[in-house]
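Observations on the model geometry
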Number of protein chains: 2
Amino acid sequence: MSSAVEPFAETETLSLGERAYRRLRDSIVQGTLSAGSRISERSLASALGISAQPVREALRRLEQDGLVVTLPRRGTIVAEFGLERLAELGRIRAALEGVAAALAAERMTGEDLASLGEVVRGMRAATAAADTEALAELNERFHAILQGATGNMFLVRSLEALRAYDDLGRLRAIGSAPKDMPKALREHVSILAALRARDPVLSEARMRAHVLRSLTTNGVLSAPRKRPA
Amino acid sequence: MSSAVEPFAETETLSLGERAYRRLRDSIVQGTLSAGSRISERSLASALGISAQPVREALRRLEQDGLVVTLPRRGTIVAEFGLERLAELGRIRAALEGVAAALAAERMTGEDLASLGEVVRGMRAATAAADTEALAELNERFHAILQGATGNMFLVRSLEALRAYDDLGRLRAIGSAPKDMPKALREHVSILAALRARDPVLSEARMRAHVLRSLTTNGVLSAPRKRPA
DNA sequence: AAGTGCCACCTGCTATAGCAGATGTCCATG
DNA sequence: CATGGACATCTGCTATAGCAGGTGGCACTT
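Residues numbered from 1 in each chain as written. Chains lettered and ligands numbered in written order. Predicted model: local features only at pLDDT ≥ 70, side-chain atom pairs only at ≥ 80, totals over all residues. Heavy atoms only, no water.

Another point: the sheet that holds strand β1 (residues 38–39) of chain A. Residues and elements named next belong to chain A. Read from one edge to the other, the open sheet built from 3 strands follows the order β1-β3-β2, with strand pairing classed as antiparallel. Every other strand in the sheet has two partners, leaving β1 and β2 (68–71) as the edge strands with one partner each. Taken together, the 4 bridges between β2 and strand β3 (residues 75–78) define a ladder with antiparallel strand orientation. Residue pairing across strands places T70 opposite T76, the latter belonging to β3. (Pairing = 2+ DSSP bridges. Helix = DSSP H or I, 4+ residues; strand = E, 2+ residues; numbered from the N terminus.)

On to the interface of chain B and chain A, then. At the interface, 39 residues of chain B touch 40 residues of chain A. At the junction of chain B with chain A, the criterion picks out 12 salt bridges. Here R208(A) ties to E204(B) by a salt bridge, and the two come within 2.6 Å at their closest N and O atoms. Put simply, chain B and chain A have 20 residue pairs in polar contact (both at pLDDT 80 or more) between them. Listed by contribution, the elements that provide at least two residues to the side of chain B that touches chain A are α3 (52–65), α4 (83–107), α7 (153–172) and α9 (200–217) of chain B. In terms of residue count, α4(B) provides more of the side of chain B that touches chain A than any other element does, 13 residues in total. Among the residues making up the side of chain B that touches chain A, the classes are represented as 16 nonpolar, 6 polar and 17 charged. (Contact = heavy atoms within 4.5 Å. Salt bridge = Lys/Arg side-chain N within 4 Å of Asp/Glu carboxyl O. Polar contact = N/O pair within 3.5 Å; in protein donor to acceptor, adjacent residues only side chain to side chain. Nonpolar A, V, L, I, M, F, W, Y, C, P; charged D, E, K, R; others polar.)

The tally for this structure, following the rule as stated, stands at 37 salt bridges over all chains. The salt bridge involving R91(B) is made with E106(A); its shortest N-O contact spans 2.9 Å. With one member in each of two chains, R91(B) in helix α4 and E106(A) in helix α4 (residues 83–107) form a pair that bridges those chains. Across the pair D180(A) and R213(A) runs a salt bridge, and its minimum N-O distance is 3.3 Å. In this pair, D180(A) sits in the loop between α7 (153–172) and α8 (181–196) while R213(A) sits in helix α9 (residues 200–217), placing the two residues 33 residues apart along the sequence. Judged on exposure class, the residue D180(A) and its partner R213(A) are both buried. In the salt-bridge network here, residues are joined through shared partners; they are E84(A), R85(A), E88(A), R91(A), E106(B) and R107(B). (Buried < 20%, exposed > 50% of the residue type's maximum accessible area, 1.4 Å probe, protein only.)

The relation between two aromatic rings is expressed through the spacing of the ring centres and the mutual angle of the planes. Scanning all chains against the criterion turns up 4 aromatic pairs over all chains. Ring geometry for F154(A) and Y165(B): centres 6.1 Å apart, planes at 75 degrees, overall edge-to-face. One end of the pair, F154(A), is in helix α7; the other, Y165(B), is in helix α7, on a second chain. The pair F154(A) / Y165(B) is uniform in exposure class, with both members buried. Over the face of the ring belonging to Y21(A) we find R61(A), whose NZ or CZ atom lies 3.9 Å from the ring centre. (Phe/Tyr/Trp six-rings, centres within 6.5 Å; stacked < 30°, edge-to-face > 60°. Lys NZ or Arg CZ within 6 Å of the ring centre and 35° of its normal.)

Attention shifts here to the nonpolar core. Grouped together as the largest cluster of nonpolar side chains are 130 residues, with contacts concentrated most on I92(A), F142(A), L195(A), I92(B), F142(B) and L195(B). Apart from residues no more than four positions distant in its own chain, L195(A) is found in contact with A101(A), A104(A), A105(A), M108(A), L113(A), L116(A), L146(A) and S203(A). (Core = buried A, V, L, I, M, F, W, Y, C linked by side-chain atoms within 4.5 Å.)

This is the structure in structure tokens:
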């Protein structure tokens, strides 16, 4: 386990607990810390070159995210997730992103809409060039701008946690086929249109459908299940 | 502030951090710790008769719940919530409870359905007797059984956090009029019917509508807004 | 050889001490 | 009287030390 984690490199402005949290989070999401691995507060602390408290703090937060379970006086291990569980979390994320879209449709400023338009324009170019890497980043920006426009920290935090599971599922399933890139582009365009029209209901429906469709093509969600609205 | 919190009474089996977390959570929800109150790790620790670490741990978790914000090196204060924010959180909760209902419709065992039937039967009696207190408890059981049937810890945890905001909103608005009790009963009955039919889409729609309607009669949600499906 | 109790070790958990940074007060200065 | 700066004091944050409980293995017994 000490081989999976390295000490911190440079002095940053974030607290050690925060840094340890993100570090562990990334390690779990990227699979560096595989499911079932036992994590010791002390050994991990010495591996990171810090004390035990920040590590413990990070583990507590990860536990609240559900990425880790700790048996009192026994140990802490990274949680395991079957495909079924990942599918559940995907559906939850779809619902939350839908609500985020609805809120954004009501609250978004013209500046936000302009930023989104810029992102979508970039998506069109990246799709034409089949640049999957740029597309992934643009997709992240798209959702980040939208969620940020809601101004709701709870929503942002929850979706951030759910994204971790999403990445975790991406490891299990084979990478999404590049042939659905045009489809994703069309969906983003239609979502943006609904946002511009300031239609919460339509924005929510389209966003939710988009996330669900994305999950099915990723193999996380099996059936193209019937959905409301 | 030290007058709002008292030392722990007896030795329980839970960790001090966990106890402090729940204690503070309840105090915030019940309004004992009003919004904007400054919380000091040290003073709160001495008030509870424990050390500072468990308190800090609890504050970190509360921060992740969004109930508290902490400015580095400056202090920790309980977050403030306008009615608008509470309305947002209510809509989020409605969406999540909807997903929970959908999952429950797929996974619920016959035993779970029987328990729900029992609860609904109790609701019918309590509604006839206008016993609001029993009704509140039964309502809580109803949702608890349903959420537990999903077996999804993330969902349960998130909804638990959201319930805190819900209680917070209940303090602001005047108590729900007792005249909507029959309406709530009918909604619960219809939800149970959808669950028995194992219809995820219908269960979700009805549950979501139920939560939204409940929020509107509580005054948290203003308009009886149009909703999907 | 199989069962059993004991003990060293490891775990999460809590307490104490002390750090750097931010704040407010009080005094000297214009 | 107004203003700027130094210091006491508060804050969150981290490190060190030590606690109780749980595990595994080794020796001893039968």
